[in-house]
Amino acid sequence: ENAKRWCLDHGVESRAMGESTMAAGGFAVPEEMSSAIIRNVEQYGVAPSAMQNVPMSSDTLLVPKRLTGVTGYWVGESSEITTSDPTGTQVQLVAKKLACGTRVANELLADSIVSVADWLVQEFSLELAKKTDEAAFNGDGTSTYGGIQGIVTKIDDGTHTASVVDAISGNDSFEDLDLADFSKALGALPRYALGGAAWYISPAGYHASIERLQLAGGGNTSGDLASGGLPRFLGLPVVQTLVMDSTLGTDAGVVKVLVGDAALAGIYGIREQVNIRSTVD
């Protein structure tokens with residue numbers, strides 16, 4: 001009873017990782033075990049490499065943004081030139097803190113054949129990259145996404161209708177999308193966004209639509225079929241992101257594919273790099 005009371009008073013919790021419980025860490029310290037862990041995980045981290053990266057020296061940063069330019073007028077001889085002014089605004093970046101934490105018993109660190117510290121760093125990195133991509137693409141402004149609004153949410157909020165292209169009637173799934181749908185989307189892309197543009201699509205969507213269309217094109221050889229679809233489509237690179245819509249079959253009314261320059265659509269502010277801290281209780 002005294003020991004139990006001491007644990008309660010000092011915040012010792014039974015859910016801390018330890019080697020006495022199989023699911024909480026004991027699986028890593030049997031009598032004989034491989035030093036490698038099977039990690040069947042997906043890869044994330046598209047957003048930071050696709051968006052514009054800017055350093056932040058404080059928790060907020062104002063970035064100038066152009067709204068309109070000047071207006072030109074045809075002027076007659078000896079006539080006064082009509083003047084006009086360009087306009088602009090500011091985009092405010094607010095730093096958000098994203099963190100992971102795990103409690104590990106000292107005995108597990110000392111006895112495990114697996115490098116628990118290295119393993120946890122891998123898991124932390126995976127989760128941070130996943131959360132960042134989810135917020136950058138699908139964030140709805142709620143606390144679930146750190147208050148961030150993502151590209152997919154923002155582009156379909158009803159106020160950016162010029163950026164939304166509907167597929168041809170009846171083409172309501174990845175399996176139905178055709179070249180005309182992709183060409184229509186590409187035709188709506190402003191020319192200033194074409195230089196760094198790419199297609200952004202889920203792996204499932206890529207294979208069911210873009211790769212399907214590429215392989216269905218005439219002139220494919222057995223080598224083409226063996227190699228699969230090309231990582232480019234209609235002159236632009238294809239970037240697969242796991243956080244975008246991947247539903248196969250009828251799935252109308254959702255953003256299936258993005259095309260454009262993500263560096264012009266979003267800014268990734270870097271307040272500080274990833275820090276790892278360990279404490280001993």
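Before any of the text, the structure's been laid out above.
Notes on the structure follow. (Residues numbered from 1 in each chain as written. Predicted model: local features only at pLDDT ≥ 70, side-chain atom pairs only at ≥ 80, totals over all residues. Heavy atoms only, no water.)

Remarks on helix H7 (residues 203-216)
Phase 1: In this model, H7 (14 residues) spans 18 Å end to end at C-alpha, consistent with the 20 Å of a helix rising 1.5 Å per residue.
Phase 2: Of all bends in H7, the biggest is about 30°, found at isoleucine 210.
Phase 3: The complete set of buried residues in H7 reads Gly205, Tyr206, Ala208, Ser209, Ile210, Glu211, Leu213 and Gln214.
Phase 4: The elements touched by buried residues of H7 are helix H6 (179-187), strand E4 (198-201), strand E5 (232-233) and strand E6 (236-240). (Helix = DSSP H or I, 4+ residues; strand = E, 2+ residues; numbered from the N terminus. Expected span 1.5 Å × (residues − 1). Bend = angle between axes of the 7 residues up to and from the residue. Buried < 20%, exposed > 50% of the residue type's maximum accessible area, 1.4 Å probe, protein only. Contact = heavy atoms within 4.5 Å.)

Section: the side chain of aspartate 245
Phase 1: Structurally, aspartate 245 can be placed in the loop between E6 and strand E7 (258-260).
Phase 2: In this structure aspartate 245 comes out as buried when scored by relative accessible area, which is 19%.
Phase 3: A distance of 2.6 Å separates a polar atom in the side chain of aspartate 245 from a polar atom in the side chain of lysine 256.
Phase 4: When sequence neighbours within four positions are dropped, the list of residues in contact with aspartate 245 reads Phe174, Ser202, Asp251, Val254, Val255 and Lys256. (Polar contact = N/O pair within 3.5 Å; in protein donor to acceptor, adjacent residues only side chain to side chain.)

Some points on helix H4 (residues 116-138)
Phase 1: Between its first and last C-alpha atoms H4 spans 32 Å; for 23 residues at 1.5 Å apiece the expected length is 33 Å, and the two agree.
Phase 2: Those residues of H4 not exposed but buried are Val116, Trp119, Leu120, Leu128, Thr132, Asp133, Ala135, Ala136 and Phe137.

Notes on the sheet that holds E6
Phase 1: Spatial strand order, E5-E6-E4-E7: 4 strands in an open sheet with mixed pairing. The sheet terminates laterally at E5 and E7, the two strands that pair on one side only.
Phase 2: Both E5 and E6 contribute to a ladder of 2 bridges, which runs antiparallel. Each bridged residue has a counterpart across the sheet, and for phenylalanine 233 the counterpart in E6 is leucine 236.
Phase 3: Each of E4, E5 and E6 touches H7; the most contacted strand, E4, lies at about 130° to it. (Pairing = 2+ DSSP bridges. Axes fitted to C-alpha atoms, helices over the stretch in contact; angles between N-to-C directions.)

Some remarks on the packing of aromatic side chains
Phase 1: Under the definition given, this model contains 4 aromatic pairs.
Phase 2: With a centroid separation of 6.2 Å and 50° between ring planes, the pair formed by phenylalanine 137 and tyrosine 200 is classed as tilted. Pair noted here: phenylalanine 137 is in helix H4 and tyrosine 200 is in strand E4, with a separation of 63 residues, a long-range link.
Phase 3: For tyrosine 200, a relative accessible area of 8% puts it in the buried group.
Phase 4: Centre to centre, the rings of phenylalanine 182 and phenylalanine 233 are 5.1 Å apart; their planes meet at 90°, and the pair counts as edge-to-face. Taken together, the residues phenylalanine 182 in helix H6 and phenylalanine 233 in strand E5 connect sequence positions 51 residues apart. Exposure class is identical for phenylalanine 182 and phenylalanine 233. Each is buried.
Phase 5: Ring pairs connect the aromatic residues Phe182, Trp199 and Phe233, which therefore count as one cluster. (Phe/Tyr/Trp six-rings, centres within 6.5 Å; stacked < 30°, edge-to-face > 60°.)

Shape descriptors only; they carry no functional weight alone.
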